[in-house]
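Read off the chains here:
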Amino acid sequence: MRKYEIMYILKADLDEAARTAEMEKLAKILTDNGGEIAKTDTSLGLRDLAYPIKDETKGYYVVLKVSMGNQAIDEFNRLVLINPSVLRHLIVVDHE
């Protein structure tokens, strides 16, 4: 399994309980498909976006450090794209 870094932006209007539920749901997608989450970083938190995304001007940033295979990547991409709470996501290989 390769190491990846995933960043996604959640809608800013989610309350704390809904935000936590979304983060757990997205983490469960990865772990159910053989991925292992090493670290979850929410220190960026709520920020202004550089440009509007889906008519939103603020977003809540989450960064995950993950070890996973192709199946987990494919399933995560598929489900995040249809999730209305996620504004944007990016998966990159972590070379650390």
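Going by the structure above, here's the rest.
Just so it is clear, the model here is predicted, and its values are computed rather than measured.

**Examining the overall build of the chain**
The helix and strand tally for the chain stands at two helices and four strands. The secondary structure elements of the chain, listed N-terminal to C-terminal, are β-α-β-β-α-β. Here the chain has a C-alpha radius of gyration of 13 Å; the compact-globule value for 96 residues is 12 Å, and the two agree. Classification of the 96 residues of the chain by burial places 39% in the buried group. Partitioning the contacts of the chain with sequence separation of at least 6, the portion at a separation of at least 24 is 72%. Accessible surface, the chain as shown: approximately 5,800 Å² in total, 51% of it carbon and sulfur. Between the averaged position of the 13 positive side-chain charges in the chain and that of its 16 negative side-chain charges there is a distance of 2 Å.

**As for the packing of aromatic side chains**
Following the criterion strictly, the structure yields zero aromatic pairs and no others. The residue whose ring lies beneath Arg19 is Tyr60, and the NZ or CZ to ring-centre distance is 4.1 Å.

**Observations regarding the nonpolar core**
Of all hydrophobic cores here, the largest spans 19 residues; its most connected members are Ile6, Tyr8, Leu10, Leu26, Met68 and Phe76. Sequence-distant contacts of Leu26, defined by excluding residues within four places in its chain, comprise Tyr8, Leu10, Phe76, Val80, Asn83 and Val86. Formed by five residues, the second largest nonpolar core is a distinct cluster that contains Ile9, Leu49, Ile53 and Leu87.

**A look at the side chain of Glu22**
In this structure, Glu22 sits in helix H1 (residues 16-32). Glu22 gets classed as buried once you look at its relative accessible area, which sits at 12%. For Glu22, the contacting residues outside a window of four places in its chain are Leu10, Leu14, Asn83 and Ser85.

**Observations regarding H1**
Taking 1.5 Å per residue, 17 residues should reach 24 Å; H1 reaches 24 Å between its end C-alpha atoms and fits that length. Along H1, the residues classified as buried are Arg19, Glu22, Met23, Leu26, Ile29 and Leu30. Looking down the long axis of H1, one finds its buried residues gathered within 115° of arc, a one-sided arrangement. Opposite its buried face, H1 presents the exposed residues Glu16, Ala17, Glu24 and Asp32, each directed more than 90 degrees away. In this fold, the buried residues of H1 make contact with strand E1 (2-11), strand E2 (36-53), strand E3 (56-68), helix H2 (70-81) and strand E4 (86-93). Note on H1: the residue one or two positions beyond its end, Gly34, has a positive phi of about 90°.

**Observations concerning the pattern of salt bridges**
Under the definition given, this model contains seven salt bridges. Between Glu16 and Arg19 there is a salt bridge, with the nearest N and O atoms lying 2.9 Å from each other. Of this pair, Glu16 and Arg19 both sit in helix H1, three residues apart, which is roughly one turn of the helix. With a relative accessible area of 11%, Arg19 lands in the buried category. A salt bridge links Lys28 to Asp32, with the nearest nitrogen and oxygen atoms 2.8 Å apart. Note that Lys28 and Asp32 are positioned in helix H1 at a spacing of four residues, about one turn of the helix. On the basis of relative accessibility, which here comes to 52%, the residue Asp32 falls in the exposed class. Each of the salt bridges in this network shares a partner with another, and the network as a whole consists of Glu5, Lys65 and Asp94.

Rules behind the numbers
Residues numbered from 1 in each chain as written. Predicted model: local features only at pLDDT ≥ 70, side-chain atom pairs only at ≥ 80, totals over all residues. Heavy atoms only, no water. Helix = DSSP H or I, 4+ residues; strand = E, 2+ residues; numbered from the N terminus. Rg over C-alpha atoms; globule rule 2.2 N^0.38 Å. Buried < 20%, exposed > 50% of the residue type's maximum accessible area, 1.4 Å probe, protein only. Contact = heavy atoms within 4.5 Å. Areas by Shrake-Rupley, 256 points an atom, 1.4 Å probe, with all protein chains shown as cover. Lys, Arg positive; Asp, Glu negative; His and termini not counted. Charge placed at Lys NZ, Arg CZ, Asp CG, Glu CD. Phe/Tyr/Trp six-rings, centres within 6.5 Å; stacked < 30°, edge-to-face > 60°. Lys NZ or Arg CZ within 6 Å of the ring centre and 35° of its normal. Core = buried A, V, L, I, M, F, W, Y, C linked by side-chain atoms within 4.5 Å. Expected span 1.5 Å × (residues − 1). Arc of directions from axis to C-beta. Salt bridge = Lys/Arg side-chain N within 4 Å of Asp/Glu carboxyl O.

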